[in-house]
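The chain contents come next:
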Amino acid sequence: MAPVPLTTPTLRTSRLRLRPVTADDAGALFALQSDAHVLRYWDSPPWADPARADRFVAVSHQLAEEGTGVRLAVDRLADSAFVGWCSLTRWQPVHRSAALGYCYAEVAWGRGYATEAADALLRWAFDSWDLNRVQAETDTRNGASARVLEKLGFVREGTLREDCVVDGEVSDSWVFGLLRRDWRSR
(Lines give C-alpha, C1' and ligand atoms only; values in the text may rest on other atoms or scores of the structure.)
Protein backbone atom coordinates (compact mmCIF):
# COMPACT_ATOMS: atom_id res chain seq x y z
CA MET A 1 0.00 0.00 0.00
CA ALA A 2 1.45 3.36 -1.02
CA PRO A 3 1.88 5.97 1.70
CA VAL A 4 -0.68 8.75 1.93
CA PRO A 5 1.21 12.07 2.06
CA LEU A 6 0.21 14.59 4.70
CA THR A 7 -0.22 18.29 4.07
CA THR A 8 2.17 20.31 6.21
CA PRO A 9 0.16 23.33 7.33
CA THR A 10 1.10 26.91 8.06
CA LEU A 11 -0.64 27.98 11.27
CA ARG A 12 -0.84 31.30 13.09
CA THR A 13 -1.47 32.17 16.69
CA SER A 14 -1.57 35.62 18.24
CA ARG A 15 2.25 35.64 18.54
CA LEU A 16 3.61 32.80 16.43
CA ARG A 17 3.72 31.38 12.93
CA LEU A 18 4.13 27.62 12.53
CA ARG A 19 5.29 26.71 9.04
CA PRO A 20 6.97 23.93 7.10
CA VAL A 21 10.67 23.52 7.85
CA THR A 22 12.84 24.69 4.92
CA ALA A 23 16.51 24.54 3.95
CA ASP A 24 16.77 28.19 5.03
CA ASP A 25 16.24 27.01 8.63
CA ALA A 26 19.44 24.94 8.68
CA GLY A 27 21.56 27.55 10.47
CA ALA A 28 18.96 28.24 13.15
CA LEU A 29 18.29 24.51 13.58
CA PHE A 30 21.99 23.82 14.04
CA ALA A 31 22.29 26.62 16.60
CA LEU A 32 19.31 25.21 18.52
CA GLN A 33 20.24 21.53 18.38
CA SER A 34 23.92 22.11 19.14
CA ASP A 35 23.19 24.03 22.36
CA ALA A 36 24.12 21.68 25.22
CA HIS A 37 22.04 23.67 27.72
CA VAL A 38 18.90 23.44 25.56
CA LEU A 39 19.44 19.70 25.08
CA ARG A 40 20.42 18.88 28.66
CA TYR A 41 17.35 16.59 29.00
CA TRP A 42 17.41 15.35 25.40
CA ASP A 43 17.97 11.66 24.67
CA SER A 44 20.69 12.37 22.11
CA PRO A 45 23.78 14.56 22.30
CA PRO A 46 23.97 18.09 20.91
CA TRP A 47 24.82 18.23 17.24
CA ALA A 48 28.48 18.72 16.36
CA ASP A 49 28.12 18.48 12.58
CA PRO A 50 26.20 21.23 10.72
CA ALA A 51 25.14 18.61 8.13
CA ARG A 52 22.75 17.27 10.80
CA ALA A 53 20.56 20.33 10.14
CA ASP A 54 20.26 19.41 6.46
CA ARG A 55 19.22 15.88 7.45
CA PHE A 56 16.65 17.32 9.89
CA VAL A 57 15.14 19.36 7.05
CA ALA A 58 15.10 16.31 4.75
CA VAL A 59 13.46 14.13 7.42
CA SER A 60 10.88 16.87 8.04
CA HIS A 61 9.83 16.63 4.38
CA GLN A 62 10.06 12.83 4.42
CA LEU A 63 7.64 12.60 7.36
CA ALA A 64 4.95 14.39 5.37
CA GLU A 65 5.70 12.50 2.14
CA GLU A 66 5.46 9.14 3.91
CA GLY A 67 2.34 10.19 5.80
CA THR A 68 3.88 9.59 9.23
CA GLY A 69 3.85 13.13 10.62
CA VAL A 70 4.44 16.84 10.33
CA ARG A 71 7.24 18.96 11.74
CA LEU A 72 6.89 22.74 11.84
CA ALA A 73 9.33 25.57 12.39
CA VAL A 74 8.06 28.14 14.91
CA ASP A 75 8.72 31.85 14.30
CA ARG A 76 7.73 34.89 16.36
CA LEU A 77 5.33 37.06 14.38
CA ALA A 78 6.79 40.27 15.81
CA ASP A 79 10.21 39.84 14.19
CA SER A 80 10.04 36.56 12.21
CA ALA A 81 12.75 35.10 14.46
CA PHE A 82 13.01 31.29 14.52
CA VAL A 83 12.40 30.18 18.12
CA GLY A 84 12.10 26.40 17.73
CA TRP A 85 10.06 23.61 16.25
CA CYS A 86 7.18 21.30 17.13
CA SER A 87 5.94 18.10 15.56
CA LEU A 88 3.39 15.36 15.47
CA THR A 89 5.13 12.16 14.38
CA ARG A 90 4.54 8.41 14.51
CA TRP A 91 1.08 9.00 13.01
CA GLN A 92 -0.70 5.64 13.03
CA PRO A 93 -4.02 5.93 11.15
CA VAL A 94 -5.11 2.43 12.21
CA HIS A 95 -4.67 3.29 15.88
CA ARG A 96 -5.49 6.99 15.35
CA SER A 97 -2.46 7.99 17.42
CA ALA A 98 0.57 10.25 17.12
CA ALA A 99 3.43 11.60 19.24
CA LEU A 100 4.03 15.26 20.10
CA GLY A 101 7.56 16.64 20.20
CA TYR A 102 9.12 20.10 20.44
CA CYS A 103 12.34 21.96 21.09
CA TYR A 104 12.78 25.70 21.74
CA ALA A 105 15.72 28.06 22.01
CA GLU A 106 16.44 29.34 25.50
CA VAL A 107 15.39 32.88 24.49
CA ALA A 108 11.87 31.46 24.02
CA TRP A 109 11.61 29.76 27.42
CA GLY A 110 9.10 31.00 29.98
CA ARG A 111 7.03 32.95 27.44
CA GLY A 112 4.33 30.36 26.75
CA TYR A 113 5.49 29.77 23.16
CA ALA A 114 5.72 25.98 23.53
CA THR A 115 2.17 25.77 24.86
CA GLU A 116 0.83 28.21 22.26
CA ALA A 117 2.46 26.43 19.33
CA ALA A 118 1.52 22.93 20.49
CA ASP A 119 -2.05 24.07 21.09
CA ALA A 120 -2.28 25.31 17.48
CA LEU A 121 -0.74 22.12 16.10
CA LEU A 122 -3.00 19.89 18.19
CA ARG A 123 -6.11 21.90 17.25
CA TRP A 124 -5.20 21.49 13.58
CA ALA A 125 -4.48 17.76 13.96
CA PHE A 126 -7.64 16.95 15.90
CA ASP A 127 -9.64 18.81 13.23
CA SER A 128 -7.75 17.40 10.21
CA TRP A 129 -6.86 13.83 11.14
CA ASP A 130 -9.07 11.17 12.66
CA LEU A 131 -6.84 11.49 15.72
CA ASN A 132 -7.86 9.90 19.02
CA ARG A 133 -4.65 9.89 21.10
CA VAL A 134 -1.47 11.91 21.30
CA GLN A 135 1.45 10.75 23.42
CA ALA A 136 4.42 12.76 24.65
CA GLU A 137 7.42 11.91 26.78
CA THR A 138 9.70 14.11 28.84
CA ASP A 139 12.67 13.55 31.11
CA THR A 140 11.44 13.52 34.72
CA ARG A 141 13.87 16.35 35.54
CA ASN A 142 12.29 18.62 32.93
CA GLY A 143 9.50 20.18 34.97
CA ALA A 144 8.96 22.99 32.44
CA SER A 145 8.13 20.52 29.68
CA ALA A 146 5.81 18.58 31.99
CA ARG A 147 3.96 21.84 32.79
CA VAL A 148 3.54 22.58 29.07
CA LEU A 149 1.94 19.18 28.54
CA GLU A 150 -0.34 19.55 31.57
CA LYS A 151 -1.50 23.00 30.38
CA LEU A 152 -2.48 21.35 27.09
CA GLY A 153 -4.59 18.76 28.90
CA PHE A 154 -2.17 15.83 28.81
CA VAL A 155 -2.35 13.38 31.70
CA ARG A 156 0.78 11.82 33.14
CA GLU A 157 0.24 8.10 32.63
CA GLY A 158 3.43 6.56 33.89
CA THR A 159 7.18 6.51 34.22
CA LEU A 160 9.61 4.75 31.96
CA ARG A 161 12.37 3.83 34.39
CA GLU A 162 15.93 4.29 33.19
CA ASP A 163 14.74 4.38 29.59
CA CYS A 164 17.55 6.51 28.19
CA VAL A 165 20.98 7.89 28.88
CA VAL A 166 21.27 11.68 28.84
CA ASP A 167 24.79 13.10 28.79
CA GLY A 168 26.14 9.86 30.27
CA GLU A 169 23.53 9.72 33.04
CA VAL A 170 20.74 7.13 33.12
CA SER A 171 17.39 8.93 33.34
CA ASP A 172 13.69 8.25 33.63
CA SER A 173 10.94 9.64 31.41
CA TRP A 174 7.33 10.47 32.08
CA VAL A 175 4.74 9.36 29.54
CA PHE A 176 1.82 11.72 28.96
CA GLY A 177 -1.35 11.06 26.97
CA LEU A 178 -4.05 13.27 25.54
CA LEU A 179 -7.30 11.78 24.27
CA ARG A 180 -9.68 13.40 21.80
CA ARG A 181 -12.49 13.45 24.38
CA ASP A 182 -10.27 15.22 26.91
CA TRP A 183 -9.12 17.72 24.26
CA ARG A 184 -12.70 18.55 23.35
CA SER A 185 -13.78 18.95 26.98
CA ARG A 186 -11.05 21.47 27.83
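Everything numeric in this text was worked out from a predicted model, so none of it was measured. (Residues numbered from 1 in each chain as written. Predicted model: local features only at pLDDT ≥ 70, side-chain atom pairs only at ≥ 80, totals over all residues. Heavy atoms only, no water.)

A.B. asks: Can you tell me about the packing of aromatic side chains, naming the residues and giving the values?
C.D. replies: Any aromatic ring pair is given by two values, namely how distant the centres are and how the planes are angled relative to each other. Inspection of the entire model under this criterion finds eight aromatic pairs. Aromatic pair Trp42 and Trp85: ring centres 6.2 Å apart, planes at 85°, arrangement edge-to-face. Taken together, the residues span a long stretch of sequence, with Trp42 in the loop between helix H1 (26–33) and helix H2 (51–66) and Trp85 in strand E4 (residues 82–92) at a distance of 43 residues. For Trp42, a relative accessible area of 26% translates into the label partly exposed. Residue Trp85 is classed as buried on the basis of its relative accessible area of 6%. Pairwise contacts between aromatic rings join Trp42, Trp47, Phe56 and Trp85 into one cluster. In this structure, Arg156 is placed above the aromatic ring of Trp174, and the distance from its NZ or CZ to the ring centre is 4.3 Å. One cation-aromatic arrangement involves Arg186 over Trp183; the distance from NZ or CZ to the ring centre is 3.8 Å. (Phe/Tyr/Trp six-rings, centres within 6.5 Å; stacked < 30°, edge-to-face > 60°. Helix = DSSP H or I, 4+ residues; strand = E, 2+ residues; numbered from the N terminus. Buried < 20%, exposed > 50% of the residue type's maximum accessible area, 1.4 Å probe, protein only. Lys NZ or Arg CZ within 6 Å of the ring centre and 35° of its normal.)

A.B. asks: So what's going on with H1? Residues and values would help.
C.D. replies: By the burial criterion, the buried members of H1 are Ala26, Leu29, Leu32 and Gln33. Around the axis of H1, the buried residues are gathered within 125° of arc, so they sit on the same side. Where H1 is buried, its residues contact H2, E4 and strand E5 (97–104). (Arc of directions from axis to C-beta. Contact = heavy atoms within 4.5 Å.)

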